[in-house]
Amino acid sequence: MTLSTDLEGELLRARIVSVVIVTAFLFLVAALWRVQVRDVSAYRSNVEKQSIRRVRLPGTRGMILDRNGVCLADNRPSYCIAIYMEELWQAGPLKNTIKEIERIIDSLSGILDLEKVVSRDDIINHLNRRRSLPFLAWSDVDDGVIARWAESGVNLPGVDIYVEPVRMYPQGELAGHVLGYVARAELDKSIEESYDFYLPEVAGAYGLEMALNDLLKGVPGGRLMRVNVIGLKHKDEGTLLPASGTDVVLTLDSRIQQLVEDALAGQKGACVVIDPRNGDILSMASSPSFDSNSFMPTLSRSEWERLSTAEDKPLFNRAIAGVYPPGSVFKPVVAIASLENKVASENTSFNCVGFFQLGDVRFHCWRTRGHGIIGLKKALEQSCNSYFCQLGLLCGYDRIFNMARALGFGWKTGIELEGESDGLLPDGEWNRRNIGVGWRKGDTCNVSIGQGALAATPLQMAVFAATIANGGYLYRPRLLARKVNRGTQGLKENREGHERRRMYGMSEGDLVRAMEWSRETVRIVKEGMYDVIQADNGTGKRAHVSGLEMGGKTGTSQYGLLSEGKKHGWMIVFAPFDEPRYAIAMVIEDAVSGGVTVAPRIKTLMEGILEIENTGIN
Amino acid sequence: MLKDLFKDIRLLKRMNWPVTAAVALLMMIGVVFIYSSCFVSQEQPVRMLWVKQIVWGVVGIICYVLFSLYDYRRLSRISLWLYMASICLLVLVLFTGVKIYGARRWLRLYGTLGIQPSELSKLSTLIMLAVLMSRPGVKLWQMREVGIILLIVIIPLVLILKEPDLGTGMILLPVAFAMMFVAGVPFRIIGVLAAAGLLLVMLILGAVLLPERLGVGEVGQTRILRLVGLKDYHKVRIEAFFQPEKDPLGAGWSKMQSEIAVGSGGPWGKGFNRGTQKMLGFLPRSVAPTDFIYSVIAEEEGFFGSVVALLLFGIILVGGIHTAIVAEDRMGRLLCIGVVAMIFCHVFINIAMTIGLLPITGLPLPLLSYGGSFMITTMSGLGIVQSVHMHSYPLVQSLRYSRKAGW
């Protein structure tokens, strides 16, 4: 190849490139000619007589069902009067457009006999931030308005009816704290958002609605349609189908939930019922509660004020976020720590004289004349403070701490809900940081009887009860049983499928830790807890249900200043004794005592559960 | 170096003035229509975008003049450094870049001032390619040589796709292709490369788009994707790119509105600043003065205005090819071809998108669209073409001479 042929070739190829470019440009000119000259009338009329409307197709939120398919959260249609601002766009400054929109709203107000509820500021706000979305001039209007709309055949540009799904909770207040509520997500302030058509639907703001939001939320779609001046639709240009959220099935049993809420009614307190075989939460309640429906479509300001500032804190989920000193309910932990470390045995006895003297501090037993010399099981049954102070000291705090830690005290259980509290399991380090002194024997005594800085949530106590009930398997408590994708399977079919499998304890739990307790330990502690309820003078005898053997432990914990004598009543229970299917923890604030205040409620609850079992499916 | 520049300032007389005039006109048109497209905006900074564009224009003119005075042959000495620097910036942007609309494309310099390394890398890659393919004794028919060329293109391409900035990244391919074609890489190699590239694209597209049409189940679709080495989100992006009807409210909406704007302009347009389509009412702020500037021009100035703008681009491109033909050496020729190919691709894809012939891709229109980095790239590139033109004056005679001498 010589240089000149090389050069000739290069020049030729450069000319070829130039021919390609010129051809391409001619093609563009032809295309422009077609659009701008030949078909101009079609496009001209598009601009003058028609516009393209983006209609939002909302994605419905998934339903929440209980384990038996009872619907706990659903959607209902809500009719709104929507203004499509883009179609009302006026030439010149923005205030012309605003004026036009106001004119339209005013005439609608007359036709539909509705009082105007949106202000000029709302319109400006919407124009600036959500221009591409329909502006809802009236939300959730009643049937009468829709009828007037149909009669009058509204003849205004840029106006349409818009159906929006609104969240509803068919069971009212039931499981309000578990379900939570939804709220319209506030927009990011960035400008570009105003052009983004794909705004989120309402989003979960509390409870499972928030925790499972990614599952539940629907993805809105939309439809592009040509409309003429009077808003008559005449051509679909494209549709993006919305996607429904996933339905979720909970572990809750709404019947037990109802029983539990009845048991707590009128009190401040919380209760959790767990299936000890797999950690399924059958019921979780916090009292007082709220009706999730009151948040839809929007919560009035006064109602919000009431809910958020009320002294009994109805929006506070005591079951997972309330921390209470557990009191005597904690004593089995000390017993297990001692037995497992071979520090004590079933026969280990101490003398109770009505109090235990450590230096100049006196730890009182509830029975002022003392229990005399008693053994471990009897001490559990009688909830003897002197005994457990001495056992705690004998065992040593490290062992108690390790056992309590392994049982989940002092950290979150990992339930799906947000806002769970750690509780508090103090140690020397905590003492130094917060009180300024190291760990003292008195602290060991305090924790051994469930007092001092020790604090736990009702959920933690329920998990603890479940772990004793099943002989030492700590399961992560869970609320979510299954997800049901509506796209792949019909919901009805799924419900029927579930019908067959709704026996409790069937699915495998998330095992966090196998405690590997010896059988002997489990037997001794369980028998002690058996006597608490079944023995004639057990502290929890008021919970006794005829025909049902249970194990449990009562507790009465002091809080606040000693002189005020304020007490929380506690009880943990598992039943039936031989093969436990239920583990319950209940706390009532400002109670007389666990045995007096809580035990009778447990009794009613268990009787109700028995009735459900007998009439129901298990 | 600066001294050299001023010594050669007389060279400016030899500039290709028609091209320079076309460039200047387009820049002015750009400023005017950025003003128009932002006129109805509610926000002061957006309304003043045209002022910023003037500033960018001045910076662009400085680049244009400096590069045309700078002897392009010296680029061979610094090409590797330019290339390395741009690669470094591309890597840097992946880590420290500002994230806008889900992509990391911007390096923040000062305040809101930033640069897009992907834009700069287009030019540096182009220079690198020209230098490589014009080395004395280069054997373009050898696979090894072609391999190096491909590597030079693929490194920035992959980094840009990573940002991701599909549009800008893909421009590199036709540019390299045109340069290789003109440089004389044998047709069989070009053919193989083109076929391989086409095959790869078809394979990916086929894996993404075909199974669904053929009615393969969701599990099967995922399996096929895995086989080709793609992830699910790749599929979503590719689908959105090739099937805008799947996104009727986003890309489909913009496309339709742009088409109506262009069409309603008619033969003579509605007059400056009288576009009733009111671009800002329908198109996002980010694209009206940038990617959709041409539809504003087409609406307000009609077929006449659109063709005038196209004609000006034509002058620049044909002028560039002319310079390539009269260039004194292969490097100058390849530089011109590269710059021309780059600008042509932008112009063609952008306008085709505006009138609804291509899916919305988000490529700016050179000289007209608002934007600093791209203005600098374009003007520098055009400056290089001018440099080739100005330094090629004696070539015409020498070429004739060489033919006579029978080389």
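Cut-offs used in this document
Residues numbered from 1 in each chain as written. Chains lettered and ligands numbered in written order. Predicted model: local features only at pLDDT ≥ 70, side-chain atom pairs only at ≥ 80, totals over all residues. Helix = DSSP H or I, 4+ residues; strand = E, 2+ residues; numbered from the N terminus. Buried ≥ 20, exposed ≤ 12 C-beta atoms within 10 Å, placed from the backbone. Contact = placed C-beta atoms within 7 Å. Pairing = 2+ DSSP bridges. Axes fitted to C-alpha atoms, helices over the stretch in contact; angles between N-to-C directions. Core = buried A, V, L, I, M, F, W, Y, C linked by C-beta atoms within 7 Å. Left-handed = near helix turned anticlockwise from the far one by under 90°. Parallel < 35°, antiparallel > 145°, perpendicular 65-115°, else oblique. Nonpolar A, V, L, I, M, F, W, Y, C, P; charged D, E, K, R; others polar. pLDDT = per-residue confidence, 0-100. Expected span 1.5 Å × (residues − 1).

Caption draft 1: Broad picture of the overall build of chain B. Helix and strand counts for chain B come out as 17 helices and 3 strands. Burial analysis of chain B (407 residues in total) assigns 49% to the buried set. For chain B, restricting intrachain contacts to residue pairs at least 6 apart in sequence, the fraction spanning at least 24 positions comes to 72%.

Caption draft 2: Up close: the overall build of chain A. Along chain A, the regular secondary structure elements total 21 helices and 22 strands. Each of the 618 residues in chain A was classed as buried or not, and the buried ones make up 45%. Considering only contacts within chain A whose residues lie at least 6 apart along the sequence, 74% involve residues at least 24 apart.

Caption draft 3: Just the pairing of strand β22 (residues 582-588) of chain A, in detail. Residues and elements named next belong to chain A. Here β22 lies mainly inside the structure; 7 of its 7 residues are buried. Neither face of β22 is exposed, since Y582, I584, M586 and I588 on one face and A583, A585 and V587 on the opposite face are all buried. As defined by bridge partners, strand β11 (residues 269-274) adjoins β22 across 6 bridges and the pair is classed as antiparallel. Residue pairing for β22: G269 is matched across the bridge by I588. The pairing of strand β21 (residues 566-575) with β22 spans 7 bridges and is antiparallel. Paired with V573 across the two strands is I584, which belongs to β22.

Caption draft 4: Region of interest: the sheet that holds strand β20 (residues 551-559) of chain A. All names here are of chain A. The strand order across the open sheet formed by 5 strands is β12-β11-β22-β21-β20, and the pairing between neighbours is antiparallel. On the outer flanks of this sheet lie β12 (281-287) and β20, each paired with one strand and no other. This sheet shows a mean twist of 5 degrees between the axes of neighbouring strands, independent of strand direction. Helix-sheet contacts for helix α18 (residues 458-469) involve β11, β21 and β22, and the interaxial angle to β22 is about 150 degrees.

Caption draft 5: Geometry of the nonpolar core. By size, the foremost hydrophobic cluster in this structure holds 116 residues, and its most contacted members are C271, V272, A462, A465 and I584 of chain A. At 9 residues, α18 of chain A tops the list of elements feeding residues into this core. Excluding its chain neighbours within four sequence positions, the residues that come into contact with A465 of chain A are I572, V573, F574, A583, I584 and A585 of chain A. Core analysis: the next-biggest nonpolar cluster, separate from the first, contains 106 residues, Y43 of chain A together with L159, I171 and F292 of chain B among them.

Caption draft 6: Structural context of unusual backbone geometry. All names here are of chain A. The linkage connecting S287 with the following residue, P288, adopts the cis geometry, with an omega of 0 degrees. Take P288: it is sitting in the loop between β12 and α10 (301-309). Each neighbour pair has its own omega, and for A575 with P576 the value is -15 degrees, a cis peptide bond. Here P576 lies in the loop between β21 and β22. The backbone phi angle of K342 is positive, close to 60 degrees, even though this residue is not glycine. Topologically, K342 is positioned in the loop between α12 (331-340) and β13 (350-352). Exposure remark for K342: the 9 C-beta atoms within 10 Å place this residue in the exposed category.

Caption draft 7: Molecular detail of the packing of helix α8 (residues 166-183) of chain B against helix α15 (residues 330-354) of chain B. All names here are of chain B. It is at 9 Å that the axes of α8 and α15 come closest, and there the two elements cross at 145 degrees. Every pair of crossing elements has a handedness; the one defined by α8 and α15 is right-handed. Between α8 and α15, the residues in contact are I171, P174, V175, A178, M179, V182 and A183 and R330, R333, L334, I337, G338, A341, M342, C345 and H346, respectively.

Caption draft 8: Quick peek at the packing of helix α2 (residues 17-37) of chain B against helix α4 (residues 49-69) of chain B. Residue and element names in this part refer to chain B. Where α2 meets α4, the axes come as close as 8 Å, and the angle between the chain directions of the two elements is 160 degrees. One element, α2, and the other, α4, form an angle in the roughly antiparallel class. Every pair of crossing elements has a handedness; the one defined by α2 and α4 is right-handed. Contacts between α2 and α4 involve M27, G30, V31, I34 and Y35 on the former and, on the latter, L49, W50, Q53, I54 and G57. When the residues that make up the contact of α2 with α4 are grouped by side-chain class, the tally is 7 nonpolar, 3 polar and no charged.

Caption draft 9: The arrangement of the confidence of the model for chain B in detail. Residue and element names in this part refer to chain B. Scored by pLDDT, chain B has a mean of 82; 81% of the residues are at 70 or more. Segment residues 395-401 is flagged for pLDDT under 50; beyond a separation of four residues in sequence, or across chains, it makes 4 contacts in the model. Ignoring residues within four places in sequence, the model shows residues 403-407, a span with pLDDT below 50, making 4 contacts including any to other chains. Interface predicted TM-score (ipTM) for the complex: 0.88; the corresponding pTM is 0.67.

Caption draft 10: Here's a closer look at the pairing of strand β3 (residues 71-83) of chain A. Residues and elements named next belong to chain A. Inspection of the sheet shows strand β2 (residues 64-65) paired to β3 by 2 bridges, in the antiparallel sense. By the bridge assignment for β3, L65 is matched with C71. Linking β2 back to β3 in an antiparallel pair, the connection comprises 5 residues, with G69 at a positive phi of about 90 degrees. With 10 bridges connecting them, β3 and strand β5 (residues 159-168) associate as antiparallel partners. Within β5, the residue paired with R76 across the bridge is V166. Bridging between β3 and strand β4 (residues 135-138) involves 3 bridges; their strand directions are antiparallel.

Caption draft 11: Structural context of the environment of S294 of chain A. Residues and elements named next belong to chain A. Mapping S294 onto the fold places it in the loop between β12 and α10. In sequence terms S294 and M168 are 126 residues apart; their C-alpha atoms lie 9.2 Å from each other. Non-local contacts of S294, meaning those with residues more than four positions away in its chain, are made with L299 and E303.

Caption draft 12: Up close: α18 of chain A. Residues and elements named next belong to chain A. Given a rise of 1.5 Å per residue, 12 residues ought to cover 16 Å, and the 16 Å separating the end C-alpha atoms of α18 matches this to within 8%. With 12 of 12 residues buried, α18 is to be regarded as a mostly interior element. Taken residue by residue, α18 has P458, L459, Q460, M461, A462, V463, F464, A465, A466, T467, I468 and A469 as its buried positions. Two residues or fewer after α18 comes G471, characterised by a positive phi angle close to 80 degrees.

Caption draft 13: Examining the confidence of the model for chain A more closely. All names here are of chain A. Overall, the prediction assigns chain A a mean pLDDT of 83, with 88% of residues at 70 or greater. Contacts for the low-pLDDT stretch residues 189-195, under 50 throughout, to residues beyond four places or in other chains number 12 contacts. Every residue in residues 487-505 scores below 50 in pLDDT, and together they form 22 contacts with partners more than four places removed in sequence or on other chains.

Caption draft 14: View of the environment of K483 of chain A. All names here are of chain A. Topologically, K483 is positioned in strand β18 (residues 480-484). Classification of K483 by C-beta neighbours within 10 Å gives partly exposed; the count is 13. With 421 residues separating them along the chain, K483 and G62 place their C-alpha atoms 9.7 Å apart. The contact partners of K483, leaving out residues within four places of it in the chain, are L215, T246 and V248.

Caption draft 15: How the structure looks around the environment of L241 of chain A. Here L241 of chain A shows up in the loop between β9 (233-240) and β10 (247-250). When the C-alpha atoms of L241 of chain A and R56 of chain A are compared, they prove to be 9.9 Å apart, with 185 residues separating the residues in sequence.

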